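If you want the building blocks of each chain, they are given just below.
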Amino acid sequence: MNKAILVVEDEPKLASLLADYLRASGFEPSCLDNGSDVVPWVKENRPELILLDLMLPGRDGMEVCKDIRTFSRIPIIMVTARIEEIDRLLGLELGADDYICKPFSPREVIARVKAVLRRTQDGQAIEAAGLVLDEPRWRASLDGSDLELTAVEFKLLQFLFANPGRIYKRQQLMDRIYPDERIVSERTIDSHIKKLRRKIENANPEARLIHSVYGVGYKFELE
Ligand code: CA
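Residues numbered from 1 in each chain as written. Predicted model: local features only at pLDDT ≥ 70, side-chain atom pairs only at ≥ 80, totals over all residues. Heavy atoms only, no water.

## Notes on the coordination of the calcium ion
Then step 1. Around the calcium ion, the protein supplies D10 (OD), D53 (OD) and M55 (O) as donor atoms, at distances of 2.1 to 2.3 Å.
Then step 2. Read N to C, the donor residues that coordinate the calcium ion are spaced as D-x42-D-x1-M. Of the two residues, D10 sits in the loop between β1 (4-8) and α1 (12-24) while D53 sits in strand β3 (residues 49-53), which places them 43 residues apart along the sequence.
Then step 3. Classification of D10 by relative accessible area gives partly exposed; the value is 31%. (Donors = N, O, S within 2.8 Å, 3.2 Å for Na, K, Ca; no water. Helix = DSSP H or I, 4+ residues; strand = E, 2+ residues; numbered from the N terminus. Buried < 20%, exposed > 50% of the residue type's maximum accessible area, 1.4 Å probe, protein only.)

Printed below as a string of C-alpha cells:
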C-alpha cells in the first residue's frame, strides 16, 4: 500500500518534525515549502494524503486546496496557526477533510492522519470485471496490476467507465478532460487513448475495454 504523505509547510523545523513522526509511523513523507509547487507535485505524484499549511509563500493553502478539489478527492488536512481561522475555513467549504490548529503535538497529527485515511478509504473504489478505479487516489488497476495512469488518462478512463456502451466524440471527451477550455487538438485525445489502451493491454493482453468507433470516437465496454 502506498503511504505517501505530502507535507506542505514553510517552517523547516516543523516540516522536518512532522516528516520524522510520519516516517516513524510507517508513512513516506515528502515536504514542499511553497504553495505554488503543490498542484503540479500532486498531479505528478498522487500522494495518499496532504497536510496543507494555510499561510504559505507562493499561493496560500486555501487556494491550493480549492484547486486540488477541481481534479482530485485526495484527503487534505488543513493546518492553521489560528483557531479562529478554522470557523472561517469551515464556512468556505473548501473541501478539506479535517483541520488542525498550531501549535499541535505531532502525535495528534498522526492520529488525525490515520483517522482521515480510515474514513476516506471506505467504499471509494469502484470495481467491475477486474478493473478497479480508486478515485481519491487516482489509481486504477486491472486484474491486480497497477495501470500507472497519468491524471489525464485516469480522468478519461473514469469518465468512460462511468458511461459504458455510450459512444463519445473526441470533442466531448476533450470537454470532459479539459474543462478549463485549453485548446487541445483531437489528436491529443487520440494519443491519450492510445497510451491508456497500451497500459490496459500490458496489465491484461486480452482486455479490450476501449473501442474505437470509426469516424465518431470511442466507447468503453466491459466484456
Ligand atoms: Ca506557514
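## Remarks on unusual backbone geometry
Then step 1. Cis peptide bonds are those with omega within 30 degrees of zero, and the linkage from K102 to P103 qualifies with -5°.
Then step 2. Mapped onto the elements of the fold, P103 is located in the loop between β5 (98-101) and α5 (106-121).
Then step 3. Here the phi dihedral of R46 falls at roughly 45°; this positive angle occurs in a residue that is not glycine.
Then step 4. Summarising the element assignment, R46 is placed in the loop between α2 (38-45) and β3.
Then step 5. Note on R46: relative accessible area 15%, which makes it buried.
Then step 6. Unusually for a residue other than glycine, D143 sits at a positive phi of about 50°.

## Remarks on the side chain of N204
Then step 1. Along the chain, the position of N204 falls in the loop between α8 (186-203) and β11 (210-213).
Then step 2. In terms of polar contacts, N204 uses its side chain to reach the backbone amide nitrogen of E206, at 2.9 Å.
Then step 3. Those residues in contact with N204 that sit more than four places away from it in its chain are L142 and D143. (Polar contact = N/O pair within 3.5 Å; in protein donor to acceptor, adjacent residues only side chain to side chain. Contact = heavy atoms within 4.5 Å.)

## A closer look at the environment of I68
Then step 1. As for its position among the elements, I68 is in helix α3 (residues 61-69).
Then step 2. Overall, I68 belongs to the buried group, its relative accessible area being 0%.
Then step 3. Sequence spacing of I68 and A96 is 28 residues, and the spatial spacing of their C-alpha atoms is 9.9 Å.
Then step 4. Residues in contact with I68, not counting those within four places in the same chain, are V38, V39, V42, I50, I74 and I76.

## Things to note about the packing of helix α7 (residues 170-177) against α8
The description of two helices packed together rests on the angle between their axes and the distance between the axes.
Then step 1. Relative orientation of the contacting elements α7 and α8 amounts to 80°, with a least axis distance of 9 Å. As summarised for this structure, α7 and α8 are arranged roughly perpendicular, according to the angle between their axes. Residues R170, Q171, L173, M174 and I177 of α7 pack against E186, I189 and D190 of α8.
Then step 2. Tallied by class, residues from the contact of α7 with α8 come to four nonpolar, one polar and three charged. (Axes fitted to C-alpha atoms, helices over the stretch in contact; angles between N-to-C directions. Parallel < 35°, antiparallel > 145°, perpendicular 65-115°, else oblique. Nonpolar A, V, L, I, M, F, W, Y, C, P; charged D, E, K, R; others polar.)

## Description of the nonpolar core
Then step 1. Counting residues in hydrophobic clusters, the biggest one holds 52 residues, and the most contacted among them are I50, L52, I68, M78, L157, I200 and I210.
Then step 2. A total of seven residues in this core trace back to one element, the largest contributor, which is helix α6 (residues 151-162).
Then step 3. A domain split of this core shows at least three residues from each of domain 1 (4-118) and domain 2 (125-220).
Then step 4. In this view, M78 contacts L52, L54, G61, M62, C65, L94, A96, D98, Y99 and I100; residues no more than four positions away in its chain are not counted.
Then step 5. One finds I5, F27, I100 and V109 within the second-largest nonpolar core, a separate group that totals 17 residues. (Core = buried A, V, L, I, M, F, W, Y, C linked by side-chain atoms within 4.5 Å. Domains from an automatic or database assignment.)

## Details of the pattern of salt bridges
Then step 1. Under the defined criterion, the tally for this structure stands at 13 salt bridges.
Then step 2. K102 serves as the salt-bridge partner of E11, at 3.2 Å between the closest nitrogen and oxygen. With E11 in the loop between β1 and α1 and K102 in the loop between β5 and α5, this pair connects stretches of sequence that are 91 residues apart.
Then step 3. Under the relative-accessibility criterion, E11 is labelled partly exposed at 39%. (Salt bridge = Lys/Arg side-chain N within 4 Å of Asp/Glu carboxyl O.)

## Re the sheet that holds β5
Then step 1. Strand order in the open sheet formed by five strands is β2-β1-β3-β4-β5, and the pairing between neighbours is parallel. Since the sheet does not close on itself, it has two edges, and those belong to β2 (28-32) and β5, each with one partner. Along the sheet, successive strands turn relative to each other by an average axial angle of 20°, direction set aside.
Then step 2. Inspection of the sheet shows strand β4 (residues 76-80) paired to β5 by four bridges, in the parallel sense. Among the inter-strand pairings, M78 is bridged to a residue of β5, identified as Y99.
Then step 3. Together, β1, β2 and β3 form the strand contacts of α1, whose direction differs from that of β2 by roughly 165°.
Then step 4. Relative to the sheet, α3 contacts β3 and β4, its axis offset from that of β4 by approximately 170°. (Pairing = 2+ DSSP bridges.)

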